[in-house]
Amino acid sequence: MKKFNLFKEIIVVAKSDFLQAVNSAKIFAISHDGKIVFEPFAPNLISIYEGSVPPISPLSTNLSRPISEMLGKNYRIVEDDDRLLIKASAAWQNIIGFNRLRALYDDTTGDGIAEFSDKVLEQMGWHATEFNIQYRDIVELFERECDGVLICIEQEEPYQFSGLGFIFDLEHAREIALEYCTRVIKDKIANDEDFSTLSDDEEEAAEFFKAI
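Residues numbered from 1 in each chain as written. Predicted model: local features only at pLDDT ≥ 70, side-chain atom pairs only at ≥ 80, totals over all residues. Heavy atoms only, no water.

### Focus: the sheet that holds strand β4 (residues 36-38)
With respect to topology, three strands assemble into an open sheet ordered β4-β3-β5, the strand pairing being antiparallel. Each edge of the open sheet is held by one strand with a lone partner, namely β4 and β5 (47-51). Adjacent strand axes in the sheet meet at a mean angle of 20° when their direction is disregarded. Pairing geometry for strand β3 (residues 28-31) and β4, over three bridges, is antiparallel. When the sheet's bridge partners are listed, I30 is paired in β4 with I36. With respect to the sheet, helix α1 (residues 15-24) is in contact with β3 and β4, its orientation differing from that of β4 by roughly 25°. (Pairing = 2+ DSSP bridges. Helix = DSSP H or I, 4+ residues; strand = E, 2+ residues; numbered from the N terminus. Axes fitted to C-alpha atoms, helices over the stretch in contact; angles between N-to-C directions. Contact = heavy atoms within 4.5 Å.)

If you want it as structure tokens, here you go:
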């Protein structure tokens, strides 16, 4: 997976596309890779902005508005000829709200990852916890081996991290999660004294993964 750290990334948008969207008065989104899209949004959209830019009131004494102010105070916009360069880290809380329901997993709280939005993976994750396999263990596998995006804010001093994970090929993610959990559970049943005798829940989980 590619880590898309909003503290470091600059989103590049075509100025003409942006102004067309603004002048349309419609709700639009800016994707993490700089595309402008309109509602209805695709379920795999990863956005850094969603909304509409209200027209200037005819009663206003200033009928012009710089592009740098059109998305609000949490976005820094610099004009570069026919491009707009956008920094969006200050809008992180908004970005979580835009994307949380579309992400596979949410790592934006101090509580860690609690579930997967994909029902198949969630069933695996729920059963795997019986053998002390945490959601974080499975996610680290995804982040090493899957094609996707981890959109996040991360800084080192003081260390801060918050992120949302998106996987482009769910079937692949399901396959490697299943293989990983099955292998780990079989090894624990064979070699870990804590699992020499299985509880009802552990036995159900092992049967789910066909590990016994």
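From this point on, the discussion continues.
### Observations regarding the pattern of salt bridges
Any two side chains of opposite charge can pair if their charged atoms end up close together. This model, assessed by the stated rule, comprises eleven salt bridges. Among the salt bridges present, the one from D118 reaches R174, with a minimum N-O distance of 2.6 Å. With D118 in the loop between β8 (105-107) and α3 (119-128) and R174 in helix α5 (residues 170-191), this residue pair connects regions lying 56 residues apart in the sequence. Within this structure, D107, R136 and E143 form a network of salt bridges that share partners. (Salt bridge = Lys/Arg side-chain N within 4 Å of Asp/Glu carboxyl O.)

### Section: the environment of V12
Topologically, V12 is positioned in strand β2 (residues 11-14). Between the alpha carbons of V12 and D33 there is a distance of 7.3 Å; along the sequence they are 21 residues apart. For V12, the contacting residues outside a window of four places in its chain are D33, G34, R83, L84 and L85.

### Considering the packing of α3 against helix α6 (residues 200-208)
The contact between α3 and α6 brings their axes to 9 Å, and the two run at 140°. Here α3 lies oblique to α6, going by the angle between them. Crossing angle aside, the handedness with which α3 passes α6 is left-handed. Two secondary-structure elements touch here, α3 through Q123, M124 and H127 and α6 through E204, A205 and F208. Of the residues in the contact of α3 with α6, the class split is three nonpolar, two polar and one charged. (Parallel < 35°, antiparallel > 145°, perpendicular 65-115°, else oblique. Left-handed = near helix turned anticlockwise from the far one by under 90°. Nonpolar A, V, L, I, M, F, W, Y, C, P; charged D, E, K, R; others polar.)

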